[in-house]
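If you want the building blocks of each chain, they are given just below.
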Amino acid sequence: ACLNEYRFSCRSVEYNYVTLQCHLSDSDRRTTGQYVQFVDAQGVDYFENLCLKGNQACKGNRVYQIPRIGVADDKVAQYASLHYYIDKELQVKTESACRLACEIENEFLCRSFLFKGPPIGTSYNCQLFHLDHKTLPDGPSTYLNAERPLIDDGQRVGTYYENYCEKSSQANEQLPVVFETTDDNNISNLTRTDINCDKTGTCYDVSVNCKDTRIAVQVRTNKPF
């Protein structure tokens, strides 16, 4: 449903295995503009859409910064160089050229890049990744718990950058609409006026609940909807 949504950019999904409700959202942890702390909820899973295009990653402007997550910059950069899957690597002359390559990448959603300094010979000095620290299960702790290599091969560590979403104006944001349907046999032509029933005998009871991140439309019917 999220991948096929066309009315808005679906960036995340919450699925409740108990109520079988699926909530689509145009927000994820990067677009909120603030720190997000997950809380375990039994029977509920949260998913983020990694199939977005670069121009869909943020509601507003997408910028690249050195992550400030309480871990030394060189430790984060070294971990990315050793353990991140490299989606693409190339040789560029400057850091801004590496940044631009990540910004305009259209084969995958480039969330971070590592620039290893001015080019030397024919070796690649710009690595592009679909990963960032938010996609790692343990978050910033991943970098702290990683062991440094036993042998220093003299390779340049480089500078690591991640994409951040600048907070957009609330006035320009459109909340996604989520439909929640339930069957209620108590609703019938005998208990509802004709204006709420169609010619097939299906009756509807509709309520709208406006929330911070979505507009929930609840539809109760006397027949499967």
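- As annotated in an unreviewed UniProt entry, the chain carries the name Apple domain-containing protein and comes from Cuerna arida.

## Topic: the sheet that holds strand E7 (residues 126-129)
And step 1. With antiparallel pairing, 5 strands are arranged side by side in an open sheet as E4-E8-E6-E7-E5. Edge positions in the sheet fall to strand E4 (62-65) and strand E5 (88-90), since each of these pairs with one other strand and no more. Sheet twist, expressed as the mean angle between neighbouring strand axes with direction ignored, is 20 degrees.
And step 2. Together, E4, E5, strand E6 (112-115), E7 and strand E8 (159-165) form the strand contacts of helix H2 (residues 95-104), whose direction differs from that of E6 by roughly 155 degrees.

## A few points about the sheet that holds strand E3 (residues 44-48)
And step 1. Pairing is antiparallel in the open sheet, where 3 strands are placed in the order E2-E1-E3. Each of the sheet's edge strands pairs with one partner strand only, and the pair in question is strand E2 (21-25) and E3. Sheet twist, expressed as the average angle between the axes of neighbouring strands with direction ignored, equals 15 degrees.
And step 2. Of the strand pairs in this sheet, strand E1 (residues 12-16) and E3 are connected by 5 bridges, and their pairing is antiparallel. The residue bridging Asn 16 from the neighbouring strand is Val 44, located in E3.

## Notes on the pairing of E1
And step 1. Summarising the sheet, E1 and E2 pair through 5 bridges and their orientation is antiparallel. By the bridge assignment for E2, Ser 12 is matched with Ser 25.
And step 2. Counted along the chain from E1 to the antiparallel partner E2, the turn is 4 residues long, and its residue Leu 20 has a positive phi close to 65 degrees.

## Quick look at helix H1 (residues 73-83)
And step 1. Within H1 the residues assigned to the buried category are Lys 75, Val 76, Ala 77, Gln 78, Tyr 79 and Ala 80.
And step 2. Along its buried surface, H1 packs onto E6, E7, helix H3 (141-145) and E8.

## Some points on the packing of aromatic side chains
And step 1. Taken as a whole and judged by the stated rule, the model has 7 aromatic pairs.
And step 2. Between the aromatic rings of Tyr 79 and Tyr 84, the centroid separation amounts to 6.2 Å while the plane-to-plane angle is 85 degrees, which identifies the pairing as edge-to-face.
And step 3. Residue classification places Tyr 79 among the buried positions, given a relative accessible area of 16%.
And step 4. A ring pair is formed by Tyr 84 and Phe 129, whose centres lie 5.1 Å apart and whose planes are at 85 degrees; its orientation type is edge-to-face. Of this pair, Tyr 84 sits in the loop between H1 and E5 while Phe 129 is found in strand E7, placing the two residues 45 residues apart along the sequence.
And step 5. For Tyr 84, a relative accessible area of 5% puts it in the buried group.
And step 6. Through pairs of rings, three or more aromatic residues link up here, namely Tyr 79, Tyr 84, Phe 129, Tyr 143 and Tyr 160.
And step 7. For the cation-ring pair, Arg 99 lies above Tyr 161, with the distance from its terminal atom to the ring centre recorded as 5.0 Å.

## Thoughts on the nonpolar core
And step 1. With 13 residues, the main nonpolar core has Val 76, Tyr 84, Phe 129, Tyr 143 and Tyr 160 as its most contacted residues.
And step 2. It is H1 that provides the largest number of residues to this core, a total of 4 residues.
And step 3. Among the nonpolar cores identified, the runner-up in size contains 12 residues, and Tyr 64, Phe 113, Cys 126 and Tyr 161 belong to it.

## Some points on unusual backbone geometry
And step 1. Despite not being glycine, Leu 20 has its phi angle at roughly 65 degrees, a positive value.
And step 2. Structurally, Leu 20 is set in the loop between E1 and E2.

## A closer look at the side chain of Asn 125
And step 1. Relative to the assigned elements, Asn 125 resides in the loop between E6 and E7.
And step 2. Sequence-distant contacts of Asn 125, defined by excluding residues within four places in its chain, comprise Leu 90, Gln 91, Val 92, Leu 114, Phe 115, Lys 116, Gly 117, Pro 118, Pro 119 and Arg 156.

## Digging into the state of the cysteines
And step 1. What the rule picks out here adds up to 5 disulfides.
And step 2. The disulfide that involves Cys 2 links it to Cys 10, with 2.0 Å between the sulfurs. Handedness here is read from the sign of the S-S torsion; for Cys 2 and Cys 10, about -115 degrees, the answer is left-handed.
And step 3. Once the disulfide-bonded cysteines of the chain are ranked by sequence position, their pairing pattern turns out to be 1-2, 3-8, 4-7, 5-6, 9-10.
And step 4. Of all cysteine sulfurs in the structure, the one in Cys 10 sits closest to Cys 22, which takes part in no disulfide; the separation is 7.7 Å.
And step 5. Residue classification places Cys 22 among the partly exposed residues on the basis of a relative accessible area of 33%.
And step 6. Of the cysteine sulfurs around Cys 51, a residue in no disulfide, the closest is that of Cys 2, at 9.0 Å.

What counts, and at which threshold
Numbering of residues begins from 1 in every chain and follows the order in which that chain's sequence is written. Owing to the predicted nature of the model, reporting of local features is limited to residues with pLDDT of at least 70; listing and counting of side-chain atom pairs is limited to 80 or more, with chain, interface and lining totals taken over all residues. The side-chain values count all of the structure's non-hydrogen atoms but skip hydrogen atoms and water molecules. Here, strands pair whenever DSSP counts at least two bridges between them. Only runs of H or I of at least four residues qualify as helices and only runs of E of at least two qualify as strands under DSSP, and these elements are numbered from the N terminus. Orientation is described by lines fitted to C-alpha atoms, with helices fitted over the stretch in contact, and by angles between N-to-C directions that extend from 0 to 180 degrees. Two residues form a contact once any of their heavy atoms are found within 4.5 Å. Three labels apply to residues, based on accessible area from a 1.4 Å probe with only protein chains included: buried if under 20% of the type maximum, exposed if over 50%, partly exposed otherwise in between. Stacked, tilted and edge-to-face are the three classes assigned to paired rings of Phe, Tyr and Trp, where Trp is represented by its six-membered ring and a pair needs centres within 6.5 Å; plane angles under 30 degrees give stacked, over 60 edge-to-face, the rest tilted. Criterion for a charge above a ring: Lys NZ or Arg CZ within 6 Å of the ring centre, and within 35 degrees of the ring normal. Buried Ala, Val, Leu, Ile, Met, Phe, Trp, Tyr and Cys residues form a nonpolar core when they are joined through side-chain atoms within 4.5 Å. Throughout, disulfides are identified as pairs of cysteine sulfur atoms within 2.5 Å of each other.

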